[in-house]
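Structural characterization, general
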Amino acid sequence: MTVIDIPGSKSVTARALFLAAAAEGTTSLLRPLVSDDTEGFAEGLTALGYAVRREPDAWHIEGRPAGPGADTAEVYCRDGATTARFLPTLAAAGHGTYRFDASAQMRRRPLAPLTEALRTLGVDLRHGEREGHHPLAVHAHGVKGGVLTLDAGQSSQYLTALLMLGPLTAEGLDITVTDLVSEPYVEITLAMMRSFGAEIRQEGRTYRVAPTGYRARTYGIEPDASTASYFFAAAALEPGRSVTVPGLGTGALQGDLGFVDVLRRMGADVEITDTGTTVRSTGTLRGLTVNMRDISDTMPTLAAIAPFADGPVRIEDVANTRVKECDRLDACAENLRRLGVTVRTGPDWIEIHPGTPTGPAEIATHGDHRIVMSFAVTGLRTPGITFDDPGCVKKTFPDFHRVFDTFVRTP
């Protein structure tokens, strides 16, 4: 059995940085993810006037409940969707003028439901070029609060940003959601907000957030479940292999740990304990039809091992993967076809037929870290796979190639 220590969760680290910045007192984040996304978030906080001190295994943030310490700031969000969506929302609770921009990749990704919601709350927010996209400017004068209706069918991050804003408003926030994707990520948000002292009531699709503010604390970051999916998939694929990821067990916050349930349905042996999760190969993978709306970040992982199943693998309700770092649904189909695999796609689904992927082939990554890490798993059974941009894994796991290679070489 191989034990893999997975880096901290990107989703949890980003939320923790927001909550720490908004809290009264100094928060220590233990074992945060150190990657391009999270470093960009931390640098954004620094630009806004928050004090962030980084040590190898802990980041310390001095909270400012009244908002950014700077009156004006220019913030570059890099490729980070959490940075690009959470930081303008945090800045809106302060007083000053804050300008945000992002990479060309992030500029393409949508913001409109979030920015329209902020405007409904009275935030003076202006897009610099294309409406509903970066760049944007926030002319902040605090947020009174109020009642919102939100469509979070493209991204749960819109709802997360507004929920985290709620305790910083003068009167609280009521949000009614008409559509919601990746709901387990919202559960992460609610659990973390409560751990920092927030009070939220949920009544059906309405979230009522009280204007409590936040309290600083020491907070441990659990391993990233989405990142763990590549190692779980590799263990399920390779006969005789098993892998254990400590720190991701029955109490894990992240819904993407549900990926192991998909592997179990395909025939893998899965054990989840209080301290970690183990996946073992049984020597077979069965085809299946699966709805991955709530764990869509792991769709490419499943697509990458799908050709090795004994029947078709159909993944449904993943329309939101088309507005990630790239159109992941089409990117998976494109690369599988390069490998000689039969693939069908629709607006929100992909169906992959059994077949033996054949190399050599260069994977078109579209600058997307998840495409690289997913097809690295395909490469276990397909000699000659290379990537046109292997370094884009820096977004969430800069050391991925070394760690995965070590895993492959470990019996």
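So, a few notes on the structure that sits alongside this text. (Residues numbered from 1 in each chain as written. Predicted model: local features only at pLDDT ≥ 70, side-chain atom pairs only at ≥ 80, totals over all residues. Heavy atoms only, no water.)

Before going further, it helps to spend a moment on the overall build of the protein. Tallying secondary structure elements over the protein gives 13 helices and 24 strands in all. The C-alpha atoms of the protein give a radius of gyration of 21 Å, which matches the 22 Å a tight globule of 411 residues would have. Projecting the C-alpha coordinates of the protein onto the three principal axes gives extents of approximately 60 × 40 × 40 Å. Expressed as a percentage of the 411 residues in the protein, the buried residues total 61%. (Helix = DSSP H or I, 4+ residues; strand = E, 2+ residues; numbered from the N terminus. Rg over C-alpha atoms; globule rule 2.2 N^0.38 Å. Buried < 20%, exposed > 50% of the residue type's maximum accessible area, 1.4 Å probe, protein only.)

Spatially, the 4 strands line up as an open sheet ordered β4-β5-β3-β15, and their pairing is mixed. Since the sheet does not close on itself, it has two edges, and those belong to β4 (51-55) and β15 (218-220), each with one partner. In this sheet, adjacent strand axes meet at a mean angle of 15° when their direction is disregarded. Here β4 pairs with strand β5 (residues 58-62) via 5 bridges, running antiparallel. Within β5, the residue paired with Arg53 across the bridge is His60. (Pairing = 2+ DSSP bridges. Axes fitted to C-alpha atoms, helices over the stretch in contact; angles between N-to-C directions.)

One open sheet holds the 4 strands; their spatial order is β1-β16-β18-β17, and the pairing between them is mixed. Unpaired on one side and paired on the other, β1 (2-3) and β17 (269-272) mark the two borders of the sheet. Where β17 and strand β18 (residues 276-280) come together, 4 bridges link them in antiparallel fashion. What sits directly across from Asp269, in β18, is Arg280. Those strands touched by helix α8 (residues 225-237) are β16 (242-246) and β18, and its axis lies near 155° from that of β16. (Contact = heavy atoms within 4.5 Å.)

The residue after His134, namely Pro135, is reached through a cis peptide bond having omega 0°. Omega for the peptide link from Gly359 to Pro360 comes to -5°, which places this bond in the cis form. Residue placement: Pro360 occurs in the loop between β22 (350-352) and β23 (361-363). Even without being a glycine, Arg78 presents a positive backbone phi close to 55°. By the element assignment, Arg78 lies in the loop between β6 (72-76) and α3 (81-92). With a phi angle near 60°, Asp317 is a residue other than glycine that sits in the positive phi range. By secondary structure assignment, the location of Asp317 is in the loop between β20 (313-316) and α11 (328-338). Its relative accessible area of 24% is what places Asp317 among the partly exposed residues.

With the rule as written, the count across this model stands at 32 salt bridges. With its nearest N and O atoms 2.6 Å apart, the salt bridge here joins Asp399 to Arg402. Look at Asp399 and you get partly exposed, because its relative accessible area is 33%. Because the salt bridges share partners, they merge into one network encompassing Lys10, Asp37, Arg109, Asp297, Lys324, Glu325, Arg328, Asp368 and Lys395. (Salt bridge = Lys/Arg side-chain N within 4 Å of Asp/Glu carboxyl O.)

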